[in-house]
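Residue-level listing of the chains:
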Amino acid sequence: MIQFGIFAALLIAIALCFLLIPLWLKVKHVSQNNESINILLAQNKMQALHDELENGIITQAQFDSLQNELMLHLHQDLANSHEHVIDDNKGRWLALPIAIFVPLLALALYSIKGDLRAFDTPTITAAGTPKTAADITAMVEKLAQKMAQNPQDPQGWIMLARSYKVLKRYPEAVSALRKARTLLGDEPQTLLQLADVIAMQNGGSLLGEPTELVKKALALDANNEMGLWLYGLANAEEGKFNEAIGYWTKLQTHYQPNDADYAEVQKLIDQAKDALGDNVASTKETPSPVAQNGKRLHLAVALDDKFNALVSADDYVFIYAQPAQGGKMPLAVVKKQVKELPIDITLDDSMAMMPNMTISSVANVQVSARVSKSGNASPQSGDLIGQKQVSTLIDSGVISLVISEQVP
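For clarity, every value in this text was computed on a predicted model and none was experimentally measured.

**Student:** Could you give me a rundown of helix 12 (residues 241–252), with the residues and numbers involved?
**Tutor:** For helix 12, which comprises twelve residues, the first-to-last C-alpha distance of 16 Å matches the rise-based estimate of 16 Å (1.5 Å per residue) to within 8%. Regarding helix 12, the residues found buried are Phe241, Ala244, Ile245, Trp248, Leu251 and Gln252. When helix 12 is viewed along its axis, its buried side chains cluster within an angular range of 120° and face the same direction. Looking at the buried positions of helix 12, the neighbouring elements they touch are helix 11 (225–237) and helix 13 (260–276).

Structure representation (structure tokens):
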């Protein structure tokens, strides 16, 4: 605060110098006298009269009359002549009001536009101190107590829900957003945030209530970016990759080709096309360091010989990983054909459809390989399947996965 006060006082002093010094230095007294000017003018007119008399322009009588008139006017001018004094000190009295008014005006403007918390030492200290997990939790609990006292503030409930989401306290985030929805009604952004945290609570799955909330939000705002993103994911989770691609393509029109968001949506579209078996020119970049350094599952996928007569070479094979508990959103998925079996496949974080739903984000996953004659990404009766639960913390070698069962 002391430094701020010194700089503020210095700036005000400089401003006052520009205003007060010119006023204070105007001390000259300027006097003017018209007497000499009047005499000089009279002499010139008298000389002109003499010239006219000598040249015969006027008579002696006219000369005498004009001379008397000129002398009378000169006498009157000299009688009325006085000294005019110009005092440049007339504005000097303004110095005192300016010296008082300028600092007061500066303080008044700062009180309106500035941040008075800059003078609060505890606030400055707290702002400069990194927050620990305990500090953040204490702040969230304080906000929760405030909302308990003022439950009619929808924005407060939304802020509390976001705080709970950061702390991964999803049930409490869901509860806070439901209260906000009660106060705001079916407002698109609130519906989408609620769908998102319910999905988080369900292990990342958007099926069920989250999907219905997203549909309702898009009915209110068909171009909502978060809605298009989530509804695409919901369709992909159900195996409706064509529908997912449609929503993501629409979302992509909101961005420029060089935007990071554009590239992220393109990645989802490419993954959906891969799942459909489309031959897409690769637009994917080299996996990021995060993907390279994340967890990987190395699978050796094979078909049990007993099913050789039930399949054809062109049947599709879906190879994917899902959370062992909670939602069924694929953490990674690859689409191949029976003629490529047996095959070695690596599933990693770069194949995730949601940045926060990766193989590295869960401790236990279920890996599956399923043969589908229809090419439908969702399991159908009669499909051939092989499944195994593995730990991303322990299983680091090649995992053998045999397609040895039939979906009832």
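**Student:** Describe the packing of helix 11 against helix 12, with residues and values.
**Tutor:** Here helix 11 crosses helix 12 at 165°, and the two axes come no closer than 7 Å. With respect to helix 12, the element helix 11 is oriented roughly antiparallel. Where helix 11 crosses over helix 12, the handedness of that crossing is left-handed. Across the interface between the two elements, Glu225, Leu228, Trp229, Tyr231, Gly232, Leu233, Asn235 and Ala236 of helix 11 pack against Phe241, Glu243, Ala244, Tyr247, Trp248, Lys250 and Leu251 of helix 12.

**Student:** Report on the sheet that holds strand 3 (residues 296–303), specifying residues and quantitative values.
**Tutor:** With respect to topology, three strands assemble into an open sheet ordered 6-3-9, the strand pairing being mixed. Edge positions in the sheet fall to strand 6 (343–348) and strand 9 (398–403), since each has one partner strand and no second. Within this sheet the neighbouring strands show an average axis-to-axis angle of 30°, counted without direction. The sheet contact formed by strand 3 and strand 9 spans six bridges and is parallel. Paired with Leu299 across the strands is Ile399, a residue of strand 9.

**Student:** Summarise the side chain of Gln252; cite the residues concerned and give the values.
**Tutor:** Relative to the elements of secondary structure, Gln252 occurs in helix 12. Looking at Gln252, the relative accessible area reads 8%, which means it is buried. Within the local environment of Gln252, its side chain forms a polar contact with the backbone oxygen of Tyr262, the two atoms lying 3.3 Å apart. Residues in contact with Gln252, not counting those within four places in the same chain, are Tyr262, Val265, Gln266 and Ile269.

**Student:** Provide a residue-level description of a nonpolar patch on the surface, including the pertinent values.
**Tutor:** A surface patch of nonpolar side chains, about 460 Å² in accessible area, is lined by Leu10, Leu11, Ile14 and Phe18. With respect to the helices and strands, Phe18 occurs in helix 1 (residues 2–25).

What counts and what doesn't
- Residues numbered from 1 in each chain as written.
- Predicted model: local features only at pLDDT ≥ 70, side-chain atom pairs only at ≥ 80, totals over all residues.
- Heavy atoms only, no water.
- Helix = DSSP H or I, 4+ residues; strand = E, 2+ residues; numbered from the N terminus.
- Expected span 1.5 Å × (residues − 1).
- Buried < 20%, exposed > 50% of the residue type's maximum accessible area, 1.4 Å probe, protein only.
- Arc of directions from axis to C-beta.
- Contact = heavy atoms within 4.5 Å.
- Axes fitted to C-alpha atoms, helices over the stretch in contact; angles between N-to-C directions.
- Parallel < 35°, antiparallel > 145°, perpendicular 65-115°, else oblique.
- Left-handed = near helix turned anticlockwise from the far one by under 90°.
- Pairing = 2+ DSSP bridges.
- Polar contact = N/O pair within 3.5 Å; in protein donor to acceptor, adjacent residues only side chain to side chain.
- Patch = residues over 30% accessible without salt bridge, like charges linked within 9 Å, V, L, I, M, F, W, Y side chains within 5 Å.
- Areas by Shrake-Rupley, 256 points an atom, 1.4 Å probe, with all protein chains shown as cover.
- Salt bridge = Lys/Arg side-chain N within 4 Å of Asp/Glu carboxyl O.

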